[in-house]
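Listed below are the residues making up each chain.
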Amino acid sequence: MRQGTLCVQAGYKPKNGEPIELPIIQSTTFKYDDSDEMAQLFDLKKEGYFYTRLQNPTNDAVAAKIAALEGGVGAVLTSSGQAANFYALFNICEAGDHFVTSNEIYGGTFNLFGVTLKKLGIDCTFVNPEASEEEIQAAFRPNTKALFGETITNPGCAVLDIEKFARIAHKNGVPLIIDNTFATPINCRPFEWGADIVTHSTTKYMDGFATQVGGCVVDSGNFDWMTCSHTAQPVTAPSEGPGVVKYPGLCTPDESYHGLTYVKAFGRMGYTTKLVAQLMRDLGSIPAPQNSFLLNIGLQTLHLRMAQHCKNAQRVAEFLHDCPQVAWVHYSGLKDDPYYERAQKYLPNGSCGVIAFGLKGDRETAIKWMDSLQMINIVTHVADARTCVLHPASHTHRQLSDEQLRQAGVAPDLIRLSVGIEDVEDILDDIRQALAKL
């Protein structure tokens, strides 16, 4: 089925006499008549439901829809986009490990990687995504376990060269993890360009209406964990072959499941099975079934909304580009944007509704313009049906210094405008009247 049909139909197929809309299974647990049957579920020898922290029919149906949209073999919903990025990495990294990441990423993710994960003993190196392959290669170490980037950066609106990052990752025997939140699988499917794992903040375009907070981790099933799980260092796990095991969590026995080895027992589903059976079991961070139900409602119109977001954003970006009060604009749909050609390759149907721009003046100029808006909402949110705006240096990224802001690709004067699906003339009218007050 094509993307539009998958948005509506994938993940849940009602049987005769069942509800046409995905039901909310709002239950913590599930009954069995036979204790041995439940024991088999706990041993991962049988599929089924027994506790919602691990699996829930509503959550699983929505995860299956997102997996289908991305072209993956499996997906796991999380309680937020931040949780999705954490789980995607923590599923393969442990204390003493290292990963490499683009420095042009969302401020919360920048802090998660650069501060919080270090407290768990997981180190990272930030690299400029526009650096040469040789420069990025220099950041890799023997204990590097992954490479991370964003399809379209939040809030800078840069477009990642996914194929270049995939080439570097696979040269080093590690997976490429891509946060595809802004593009969504409607406008880009990173697996088709070499990515191995995709994450989403489903709070954004997938929901589309600011009704729930959630995230998702999708596995392509293409990365060969066992083949890539050994280095040329001294042998520590002879039973697994020569070299130190690079991904012991996936490729060596898990004693908490009677010595089960995930990639041997579950093949291409090994990564997602471990994420659920081990991380969700121990750490939680699941979405409520009610939230997944709301997310599914949003997904049903994702293909329609993304087209309108892009159409409106193109008009607004062109207006800002020609406005004398605007110092600069970043939107990959503009022909003189530095990422235009790359967007034509990876995002031929449009990028997203988010525009980054700066006004002539200083931080106070940006704040005055935002405070003069009447219809456009100032909110800590993005990628919503309603047009909204934020000044990252004063809001989402305010914990970063000016130097850290620049390292993250965020200019101190950057305004993040998330163009909604209202009538574009009303959006432009509000921008104009606020500019007239400067």
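Residues numbered from 1 in each chain as written. Predicted model: local features only at pLDDT ≥ 70, side-chain atom pairs only at ≥ 80, totals over all residues. Heavy atoms only, no water.

(A) The arrangement of the overall build of the protein chain in detail. Each helix and strand counted, the protein chain has 17 helices and 12 strands in total. In summary, the protein chain has a C-alpha radius of gyration of 22 Å against a globular reference of 22 Å for 438 residues, a match within 12%. Overall, the C-alpha framework of the protein chain stretches about 70 × 60 × 35 Å when taken along its three principal axes. Within the protein chain, residue pairs in contact and separated by at least 24 positions form 70% of the contacts whose partners lie at least 6 positions apart. Surface exposure of the protein chain reaches about 17,900 Å², of which carbon and sulfur atoms provide 52%. Looking at charge distribution, the protein chain has the averaged site of its 37 positive side-chain charges lying 0 Å from that of its 49 negative ones. (Helix = DSSP H or I, 4+ residues; strand = E, 2+ residues; numbered from the N terminus. Rg over C-alpha atoms; globule rule 2.2 N^0.38 Å. Contact = heavy atoms within 4.5 Å. Areas by Shrake-Rupley, 256 points an atom, 1.4 Å probe, with all protein chains shown as cover. Lys, Arg positive; Asp, Glu negative; His and termini not counted. Charge placed at Lys NZ, Arg CZ, Asp CG, Glu CD.)

(B) Here's a closer look at the environment of Arg 53. By secondary structure assignment, the location of Arg 53 is in the loop between helix H2 (35-42) and helix H3 (57-70). Residue Arg 53 is classed as partly exposed on the basis of its relative accessible area of 30%. With 316 residues separating them in the primary sequence, Arg 53 and Trp 369 have C-alpha atoms 45 Å apart. In contact with Arg 53, other than residues within four places in its own chain, are Met 280, Arg 281, Gly 284 and Ile 286. From its side chain, Arg 53 meets the backbone oxygen of Met 280 in a polar contact 3.2 Å long. Polar side-chain contacts of Arg 53 include one of 2.8 Å to the backbone oxygen of Arg 281. (Buried < 20%, exposed > 50% of the residue type's maximum accessible area, 1.4 Å probe, protein only. Polar contact = N/O pair within 3.5 Å; in protein donor to acceptor, adjacent residues only side chain to side chain.)

(C) View of helix H12 (residues 289-299). Restricting attention to buried positions, one finds in H12 the residues Pro 289, Ser 292, Phe 293, Leu 295, Asn 296, Gly 298 and Leu 299. Where H12 is buried, its residues contact helix H1 (3-9), H3, strand S1 (74-78) and helix H13 (302-322).

(D) Focus on the sheet that holds strand S8 (residues 326-330). Taken in spatial order, the five strands line up as S8-S9-S12-S11-S10 in an open sheet, and their pairing is mixed. Unpaired on one side and paired on the other, S8 and strand S10 (377-378) mark the two borders of the sheet. Both strand S11 (residues 388-390) and strand S12 (residues 415-418) contribute to a ladder of three bridges, which runs antiparallel. Residue pairing in the sheet places Cys 388 in a bridge with Ser 418 of S12. In the packing of helix H15 (residues 363-371) onto the sheet, contacts are made with strand S9 (354-359), S10, S11 and S12, and the angle to S9 comes to roughly 125 degrees. (Pairing = 2+ DSSP bridges. Axes fitted to C-alpha atoms, helices over the stretch in contact; angles between N-to-C directions.)

(E) Region of the structure containing the layout of surface pockets. Its volume calculated, the largest pocket comes out at about 780 Å³. As for the largest pocket, its lining consists of 32 residues, of which Gln 55, Asp 60, Met 269, Thr 273 and Val 276 are closest to the centre. Contributions of two or more residues to the lining of the largest pocket are made by H3, S1 and helix H11 (270-283). When the residues that make up the lining of the largest pocket are grouped by side-chain class, the tally is 20 nonpolar, eight polar and four charged. In this structure, the second largest pocket encloses a volume near 350 Å³. Along the wall of the second largest pocket there are 21 residues; nearest its centre are Tyr 106, Asn 154, Ser 201, Lys 204 and Val 382. Top element by residues in the lining of the second largest pocket is helix H4 (residues 81-90). It accounts for three residues. Tallied by class, the residues present in the lining of the second largest pocket amount to five nonpolar, 12 polar and four charged. (1 Å grid on protein atoms, 1.4 Å probe; cavity = no way out; pocket = protein on both sides within 12 Å on 5 of 7 lines; lining within 4 Å. Points joined across faces, edges and corners; volume = space filled by probe spheres on them. Nonpolar A, V, L, I, M, F, W, Y, C, P; charged D, E, K, R; others polar.)

(F) Region of interest: the side chain of Thr 109. Along the chain, Thr 109 turns up in helix H5 (residues 107-119). What makes Thr 109 buried here is its relative accessible area of 1%. Sequence-distant contacts of Thr 109, that is, excluding residues within four places in its chain, are made with Gln 82, Asn 85 and Phe 148.

(G) Region of the structure containing the confidence of the model for the protein chain. Within the protein chain, residue pLDDT values average 93, and 96% of them lie at 70 or more. The low-confidence segment residues 231-242 (pLDDT under 50) makes 26 contacts with residues lying over four places distant or belonging to another chain. (pLDDT = per-residue confidence, 0-100.)

(H) Just the nonpolar core, in detail. The biggest cluster of nonpolar side chains holds 103 residues, and the ones touching the most others in it are Ile 66, Ile 92, Phe 113, Leu 176, Trp 225 and Tyr 271. Setting aside residues up to four positions removed in sequence, Ile 92 forms contacts with Asp 97, Lys 145, Ala 146, Pro 175, Ile 177, Trp 225, Tyr 247, Leu 250 and Tyr 271. By size, the runner-up hydrophobic cluster in this structure holds 28 residues, among which are Ala 313, Tyr 331, Ile 415 and Ile 427. (Core = buried A, V, L, I, M, F, W, Y, C linked by side-chain atoms within 4.5 Å.)

(I) Main features of the pattern of salt bridges. What the rule picks out here adds up to 13 salt bridges. Close ionic contact of Lys 31 with Asp 33 constitutes a salt bridge, the shortest N to O distance being 2.2 Å. The pair Lys 31 / Asp 33 is uniform in exposure class, with both members exposed. For the salt bridge of Arg 189 with Glu 192, the shortest nitrogen-to-oxygen distance reads 2.9 Å. Assessed through its relative accessible area of 23%, Arg 189 is described here as partly exposed. A single salt-bridge network, built from bridges that share partners, covers Lys 118, Asp 123 and Arg 141. (Salt bridge = Lys/Arg side-chain N within 4 Å of Asp/Glu carboxyl O.)

(J) Representation of the sheet that holds strand S3 (residues 123-127). If you trace the seven strands from one edge of the open sheet to the other, you get S1-S7-S6-S5-S4-S2-S3, paired in mixed fashion. Across the chains shown, the open sheet's two edge strands, defined by having one partner strand only, are S1 and S3. Taking the axes of each pair of neighbouring strands and ignoring which way they run, one obtains an average angle of 20 degrees across the sheet. Looking at chain direction, strand S4 (residues 144-150) and strand S5 (residues 176-179) are connected through four bridges and run parallel. Residue Gly 149 lies in a different strand from S5, and its bridge partner there is Ile 178.

(K) Examining the packing of H4 against H5 more closely. Where H4 contacts H5, the axes come no closer than 10 Å and their chain directions differ by 45 degrees. With respect to their mutual orientation, H4 and H5 come out oblique. As H4 packs across H5, the resulting crossing turns out to be right-handed. From H4, Gln 82, Asn 85, Phe 86 and Leu 89 reach across to H5, where they touch Gly 108, Thr 109, Leu 112, Phe 113 and Leu 117. Partitioning the contact of H4 with H5 into residue classes produces five nonpolar, four polar and no charged. (Parallel < 35°, antiparallel > 145°, perpendicular 65-115°, else oblique. Left-handed = near helix turned anticlockwise from the far one by under 90°.)

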